[in-house]
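Observations on the three-dimensional arrangement
Next come the chains, spelled out residue by residue.
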Amino acid sequence: MRKEAVRDTPPSLKEVTAGASSPDAGDAGYSKDLKSRHINMIAIGGAIGTGLFLGAGGRLASAGPALAVAYAVCGIFAFFVVRALGELVLHRPSSGSFVSYAREFLGEKGAYTAGWMYVVNWSTTGIADITAVALYAHYWSLFTDVPQWVLALIALTIVLSVNLISVKIFGEMEFWFAIVKVAALVAFMAIGIFLLVTQHPVGGQTPGLHIISDHGGFFPSGLVPVVVVLQGVVFAYAAVELIGVTAGETAEPHKVVPRAVNSIMWRVLVFYVGSVVLLALLIPYDGYSASESPFVTVLSKIGVPAAGDVMNLVVLTAAMSSLNSGLYSTGRILRSMAMAGSAPRWTGLMNRHQVPYGGIMLTAAVCVLGVALNYIVPGEAFEIVLNIAALGVLSTWGIIMLCHLAFVRRSREGRLERPSYRLPGSPAIQLVTLAFLAGVVVLMWADGGVGRRTVMLIPVIAAALIAGWFAVRGRVRSTAAAAATQETADRG
């Protein structure tokens, strides 16, 4: 057998990263303090957000009862994404999650793009969250005179402190945030079902199927508004991928993750589709509005005292939960990137509590810019950043499906073995999901206004990513070569 010639030059980046299956260096050093109950409630929290508590009102008014179909369709695609991610987790649990899988299956450029788009997503979402907390706090007279930027800074400080202490504290905080959201929904649904069964009048009308049939039927405004509203509904599920990040800090991911992923589907059906159908049966769809939570609308019509106060507290909790998740996940993603050279080295630093504080602090620093935005343009801060985050969500889901496609292709080539827990229907499911995500971008453009301006940011973001890649590719190459050299030495 002819011996391979020894070369003096280091291997190329493509040679090092292509087909790499070694564990992510960024996974080292984490504790395994997240329990099954934490993961399950984090999965629930990721599937229930302000998109339901607040956004459903305006969407019901425009699409009618058929909004339930929109939630079901988007929920199915969200489930496909998280099921694909769940299979990748069982292949190799990693706190770097889809960024680590992008490195393995798409190469370092894929990991770089996935990571920074995710940071853009959660950094801007974090700004939206602290803005939302400040706005919700102003609902109560106690905080009316406190400047919006001060309340935003207080919210950021509280959640940042919790994230820096330990992952166990993060898990507990997220557990109770999710409990509040679920309890609120269950309580409302119990009240709504009681009103239906007893035929108790709501706003002077008896609830039931006739509320839908007497007001234009299931599609009162036709099919077009239902299709258009998909672009907003899809972002209601924006945090479902968080379960992949948490897998790196749980002791038994192979047991916990499949259960948590499988439960997402029925939670979507019960909490989203069930809630919307119930709302449509209680009062006419045009009785709801974008300016008020649909749950508050119903409760106020039956005279429930302090309905607005209770729901405002729930929505504030949902915003704090989202901020908590964003700081947690970007800290882990940035550590994975830092260890590969595609993020600043200091973002990979960990404290004595095994928390990657460097990455968390970077995200928090961007959120501080959001505090400034709340000072300069308090009335527009929320809308500005929310639309930028939308692009991050779509890119994250798209990259997860691309990773899974490459994963399945390698398994068919005999280069790796798929776990028994799988996303069925490959490659059709992945391709249909990618087409759906592309369709959402088209809908954003077609809707005009803010959506179109958001899509117009894509070339700007792409240019920034390209410039950033040229800035870090040397460090990425040297890091990859050093890792390959070390692996060769370890084998020898």
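See the structure above.
Before going into details, it helps to say that this report is about the structure given with it.

Thresholds, definitions, all that
- Residues numbered from 1 in each chain as written.
- Predicted model: local features only at pLDDT ≥ 70, side-chain atom pairs only at ≥ 80, totals over all residues.
- Heavy atoms only, no water.
- Axes fitted to C-alpha atoms, helices over the stretch in contact; angles between N-to-C directions.
- Helix = DSSP H or I, 4+ residues; strand = E, 2+ residues; numbered from the N terminus.
- Parallel < 35°, antiparallel > 145°, perpendicular 65-115°, else oblique.
- Left-handed = near helix turned anticlockwise from the far one by under 90°.
- Contact = heavy atoms within 4.5 Å.
- Nonpolar A, V, L, I, M, F, W, Y, C, P; charged D, E, K, R; others polar.
- Salt bridge = Lys/Arg side-chain N within 4 Å of Asp/Glu carboxyl O.
- Buried < 20%, exposed > 50% of the residue type's maximum accessible area, 1.4 Å probe, protein only.
- Phe/Tyr/Trp six-rings, centres within 6.5 Å; stacked < 30°, edge-to-face > 60°.
- Lys NZ or Arg CZ within 6 Å of the ring centre and 35° of its normal.
- Core = buried A, V, L, I, M, F, W, Y, C linked by side-chain atoms within 4.5 Å.
- Polar contact = N/O pair within 3.5 Å; in protein donor to acceptor, adjacent residues only side chain to side chain.

Thoughts on the packing of helix α5 (residues 67-91) against helix α18 (residues 428-446)
The geometry of α5 relative to α18 is characterised by a closest axis approach of 10 Å and an angle of 130° between their N-to-C directions. In terms of orientation, α5 and α18 fall into the oblique class. α5 and α18 meet at a crossing whose hand is left-handed. From α5, V73, C74, F77, F80 and V81 reach across to α18, where they touch I429, V432, T433 and F436. The residue inventory of the contact of α5 with α18, partitioned by class, reads eight nonpolar, one polar and no charged.

A word on the pattern of salt bridges
On inspection of all chains with the given rule, the structure shows four salt bridges. A salt bridge links R418 to E87, with the shortest nitrogen-to-oxygen separation between them at 2.5 Å. Of this pair, R418 sits in the loop between α17 (381-412) and α18 while E87 is found in helix α5, placing the two residues 331 residues apart along the sequence. As far as the burial class goes, R418 and E87 line up, both buried. E104 is paired through a salt bridge with R92; the nearest N and O atoms lie 2.8 Å apart.

Looking at helix α4 (residues 55-63)
Among the residues making up α4, those that are buried are A56, G57, R59, L60 and A63. Positioned one or two residues after α4, G64 has a phi angle of 80°, which is positive.

Section: the packing of aromatic side chains
Per the counting criterion, the structure on display carries ten aromatic pairs. On the basis of an interplanar angle of 75° and a centroid distance of 5.5 Å, the ring pair of F105 and F407 is categorised as edge-to-face. With F105 in helix α6 (residues 97-105) and F407 in helix α17, this residue pair connects regions lying 302 residues apart in the sequence. Accessibility expressed as a relative area gives 0% for F407, which makes it buried. Between the NZ or CZ atom of R83 and the centre of the ring of Y421, over which it lies, the distance is 4.0 Å. We note R452 situated over the ring of W445; from NZ or CZ to the ring centre the distance is 4.6 Å.

Things to note about unusual backbone geometry
Going from S426 to P427, the amide bond is cis rather than trans, its omega being 5°. Mapped onto the secondary structure, P427 falls in the loop between α17 and α18. Unlike most non-glycine residues, Q199 shows phi in positive territory, near 55°. Mapped onto the fold, Q199 is located in the loop between α9 (167-198) and α10 (210-213). The exposure class of Q199 is partly exposed, given its relative accessible area of 39%.

Comments concerning the nonpolar core
Inside soluble globular proteins, nonpolar side chains tend to come together where they are buried. If you look at the biggest cluster of nonpolar residues, it comprises 146 residues, and the most contacted ones within it are F53, Y71, F188, Y237 and W397. A per-element tally of this core places α5 first, with 16 residues.

Considerations on helix α11 (residues 224-233)
Considered for burial, the residues of α11 that qualify are V226, V229, L230, Q231 and V233. Each element contacted by the buried residues of α11 is listed here: α4, α5 and α18.

Focus: the packing of α6 against helix α7 (residues 108-137)
Contact geometry of α6 with α7 gives a least axis separation of 6 Å together with a crossing angle of 160°. The angle between α6 and α7 places the two elements in the roughly antiparallel class. Our pair here, α6 against α7, has a crossing hand that is right-handed. Where α6 abuts α7, its residues F98, V99, A102 and R103 lie against E108, G110, A111, A114, G115 and Y118.

Some remarks on the side chain of E104
The residue E104 is located in helix α6 in this model. Residue E104 is classed as buried on the basis of its relative accessible area of 4%. Only 3.0 Å separates the side chain of E104 from the side chain of H91, close enough to count as a polar contact.

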